[in-house]
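# Summary of structural features
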Amino acid sequence: MKKQIAIGLSLALLWIASACASAPTTFVTDAPFKPNSGNILLRCGALIDGINEHARPQQDVLIQDGVITATGTRLTAPAGTKVLDLADHTCLPGLIDMHTHVVESQQDTNDLYIYLTRNETETLDLARPLARKTLLAGFTSVRNVGVYYGWTSRSLRDEINRGVTVGPRMDVAGFYLTIPGGGGDLLLPDLAESDIPAHLRLGVARGADQFRQKAREAIEGGADVIKVIASGAVLAYGGVPGAPEMTPEELRAVVEVANKAGVPVTAHAHGAQSIKDAILAGVTTIEHASLIDDEGIRLAIEHNVGLSMDVFNGDWIATEGRRMQWPEEFLRKNDETTLIQRQNFRKAHAAGAPIVFGSDSGVYPHGMNPRQFSYMVEWGMSPMEAIKAATSIAASYLKNGARVGAIERGRLGDVIAVAGDPLRDISVLQHVDTVVMGGLVFKAPATD
Ligand SMILES: [Zn+2]
């Protein structure tokens, strides 16, 4: 296996070796860059395209102006198009994580009070390296399903879209829609409600009319997805994960507004009742789904609702969160939901429920997202099913998912590669050494 290194030195060498002064930038070491402008031919030892059931040997992928224009064997590189030799690699579609918090990180969980004083500039300064880590781990698209500091995820998304910050394509929820004191509210012990800055509570509402108004504000502000906190949260004070927080009427009000705008709604719901309420209200995906029951599984199948079950991070919280002295209440609720969520993941998958890859990154360190693949396989999925959950199936639940999630003509040129065969050993996805987004190479194997 070739030595793997991150962008920087190796790409600088590649660049010097292969670029001429007037050529478009194909190897990106840092911002600024021109998004979706890359031209490159990838020669892959094997290709998993995100749709077919099997990998195909020796496939080339041609990307022109950021878009996949051809796949096949022994394609000819158009004049001036660079070739990346991945003969001992497996290529896959850029991965999609449907549940991230790229703007936030795990260090803050044991001191949520930090959010009261951190300003927007500081928040974004902290977020940019996290976005970069996420992309370099192989995730070219993420759905950022919540921030405490309202709209900071939108700022990050827009920077990436302008090519001034290196990171994945982001679908963002501008803020959490949540009841006062609910799982998305930042009510903290010993803190008066009036002392919480307004930018931390943009989506706090009570009653169908208020929720309708908040949904409108999110959509008008540019949210790609609406996130409702339907039941209690693990990593928040006072919430009971199994207990409903939003009413069916409130959930329906949000979905009604979002449907008109063509914006999907995803529901944070650990509890069995809230999962059913949210599905019947018309959400497109359920986050966590820890305590889902047979009826909830049946409804998810019937309504084609994707289950985004974060089956990895419970172990991280139980060990590292405990070591970092997270609040005892959080640790207890994590312990109460970890095993049962995995058992229910197995059950939901066996029953045929649609499952998407959602890891809740930010709860654990960004960049470790691929760890979840091994858990999905351990708890019942085949490696190919886990890969599809993070590619074409995830894409089908994104607002504009038809352009990502698979390697086929017409989709954006988002391709990753790993040395080895992830269908034999899914854990190789923890070592993504090639990341191409929009035809631009952000990470490549060393060329020694
Ligand atoms: Zn989350």
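Residues numbered from 1 in each chain as written. Predicted model: local features only at pLDDT ≥ 70, side-chain atom pairs only at ≥ 80, totals over all residues. Heavy atoms only, no water.

What follows concerns the environment of alanine 351. Tracing the sequence through the fold places alanine 351 in helix 10 (residues 328-351). Along the chain, alanine 351 and aspartate 294 lie 57 residues apart, while their C-alpha atoms are 9.3 Å from each other. Look past the residues within four positions of alanine 351 in its chain and what remains in contact with it is Ile297 and Ile301. (Helix = DSSP H or I, 4+ residues; strand = E, 2+ residues; numbered from the N terminus. Contact = heavy atoms within 4.5 Å.)

The figure often quoted for interface size is the accessible area lost as the parts come together. Each assigned domain of the chain is listed with its residue range as follows: domain 1 (9-93 + 406-443) and domain 2 (95-402). For domain 1 versus domain 2, the separation of C-alpha centres amounts to 30 Å. Between domain 1 and domain 2, the residue contacts involve 33 residues of the former and 30 residues of the latter. Summed over both sides, the interface of domain 1 with domain 2 buries roughly 2,500 Å², with 63% coming from carbon and sulfur. If you sort the residues of domain 1 by the area they bury against domain 2, Ile426, Gln430 and Met437 come out on top, with a joint share of 22%. On inspection of domain 1 and its partner domain 2, the count reaches three salt bridges. The partner of glutamate 53 in a salt bridge is lysine 388, and the shortest N-O contact between them spans 2.5 Å. Counting every contact that joins domain 1 to domain 2 gives 11 residue pairs in polar contact (both at pLDDT 80 or more). A total of three residues in the side of domain 1 that touches domain 2 trace back to one element, the largest contributor, which is strand 15 (residues 434-437). Taken together, the residues of the side of domain 1 that touches domain 2 break down into 20 nonpolar, eight polar and five charged. (Domains from an automatic or database assignment. Buried area = accessible area lost by both parts, 1.4 Å probe. Salt bridge = Lys/Arg side-chain N within 4 Å of Asp/Glu carboxyl O. Polar contact = N/O pair within 3.5 Å; in protein donor to acceptor, adjacent residues only side chain to side chain. Nonpolar A, V, L, I, M, F, W, Y, C, P; charged D, E, K, R; others polar.)

The subject of this paragraph is the environment of arginine 206. Following the sequence through the fold, arginine 206 ends up in the loop between strand 8 (176-177) and helix 5 (208-221). Under the relative-accessibility criterion, arginine 206 is labelled partly exposed at 48%. Residues arginine 206 and threonine 247, spaced 41 residues apart in sequence, show a C-alpha to C-alpha distance of 9.6 Å. If near-sequence neighbours (up to four positions away) are discounted, arginine 206 is found in contact with Ile179, Pro180, Phe211 and Glu250. (Buried < 20%, exposed > 50% of the residue type's maximum accessible area, 1.4 Å probe, protein only.)

On to the coordination of the zinc ion. Those protein atoms acting as donors to the zinc ion are His99 (NE2), His101 (NE2) and Asp360 (OD), and they sit at 2.0 to 2.3 Å. Histidine 99 sits in the buried class, given a relative accessible area of 1%. (Donors = N, O, S within 2.8 Å, 3.2 Å for Na, K, Ca; no water.)

To continue, consider the sheet that holds strand 5 (residues 95-100). Pairing within the open sheet is parallel, and its three strands lie in the order 5-6-7. Because the sheet does not close on itself, it has two edges, and the strands there are strand 5 and strand 7 (169-172). Ignoring strand direction, the axes of neighbouring strands in this sheet form an average angle of 15 degrees. The pairing of strand 6 (residues 139-144) with strand 7 spans four bridges and is classified as parallel. Bridged to asparagine 144 within strand 7 is valine 172. (Pairing = 2+ DSSP bridges. Axes fitted to C-alpha atoms, helices over the stretch in contact; angles between N-to-C directions.)

This brings us to the layout of surface pockets. When its volume is computed, the largest pocket comes out at roughly 390 Å³. Considering the residues around the largest pocket, the lining is formed by 23 residues, among which Asn161, Arg169, Met170, Asp171 and Leu412 are closest to the centre. For the lining of the largest pocket, the secondary structure elements donating two or more residues are strand 6, helix 4 (152-162), strand 7 and strand 16 (440-443). Counting contributing residues, the lining of the largest pocket receives three or more from each of domain 1 (9-93 + 406-443) and domain 2 (95-402). (1 Å grid on protein atoms, 1.4 Å probe; cavity = no way out; pocket = protein on both sides within 12 Å on 5 of 7 lines; lining within 4 Å. Points joined across faces, edges and corners; volume = space filled by probe spheres on them.)

Counted according to the given criterion, the structure contains 26 salt bridges. Here aspartate 185 ties to arginine 201 by a salt bridge, and the two come within 2.6 Å at their closest N and O atoms. One end of the pair, aspartate 185, is in the loop between strand 8 and helix 5; the other, arginine 201, is in the loop between strand 8 and helix 5, and 16 residues separate them in sequence. Arginine 201 carries the same exposure label as aspartate 185, and that label is buried. For aspartate 209, the salt bridge is made with arginine 212, and the minimal N-O distance between the two is 2.8 Å. Of the two residues, aspartate 209 and arginine 212 are both situated in helix 5; the distance of three residues between them amounts to about one turn of the helix. Overall, the relative accessible area of 58% leaves aspartate 209 in the exposed class. One network of salt bridges, with partners in common, ties together Asp125, Arg128 and Glu159.

On to the state of the cysteines. A complete count under the given rule lists one disulfide for this structure. Across the disulfide from cysteine 44 sits cysteine 91; the S-S distance is 2.1 Å. Residues cysteine 44 and cysteine 91 are joined by a disulfide whose S-S torsion is about -90 degrees; by sign, that bridge is left-handed. Here cysteine 44 is found in strand 1 (residues 40-47), whereas its partner cysteine 91 is found in strand 4 (residues 82-93), with 47 residues between them in sequence. Its relative accessible area of 0% is what places cysteine 91 among the buried residues. (Disulfide = S-S within 2.5 Å.)

Here the UniProt feature "domain: Amidohydrolase-related" (unreviewed entry) sits at residues 92-439. Across residues 92-439 one finds 38% helix and 14% strand; the C-alpha atoms that close the span lie 14 Å apart. (UniProt positions renumbered as here; feature names shortened; annotations may be inferred.)

Attention shifts here to the packing of helix 7 (residues 272-281) against helix 8 (residues 294-302). As a packed pair, helix 7 and helix 8 sit with axes 9 Å apart at the nearest point and diverge in direction by 20 degrees. Considering the angle they form, helix 7 stands roughly parallel to helix 8. Note on packing geometry: the crossing formed by helix 7 with helix 8 is left-handed. Residues Lys276, Ile279 and Leu280 of helix 7 pack against Glu295, Gly296, Leu299 and Ala300 of helix 8. A class-by-class count of the residues in the contact of helix 7 with helix 8 yields four nonpolar, one polar and two charged. (Parallel < 35°, antiparallel > 145°, perpendicular 65-115°, else oblique. Left-handed = near helix turned anticlockwise from the far one by under 90°.)

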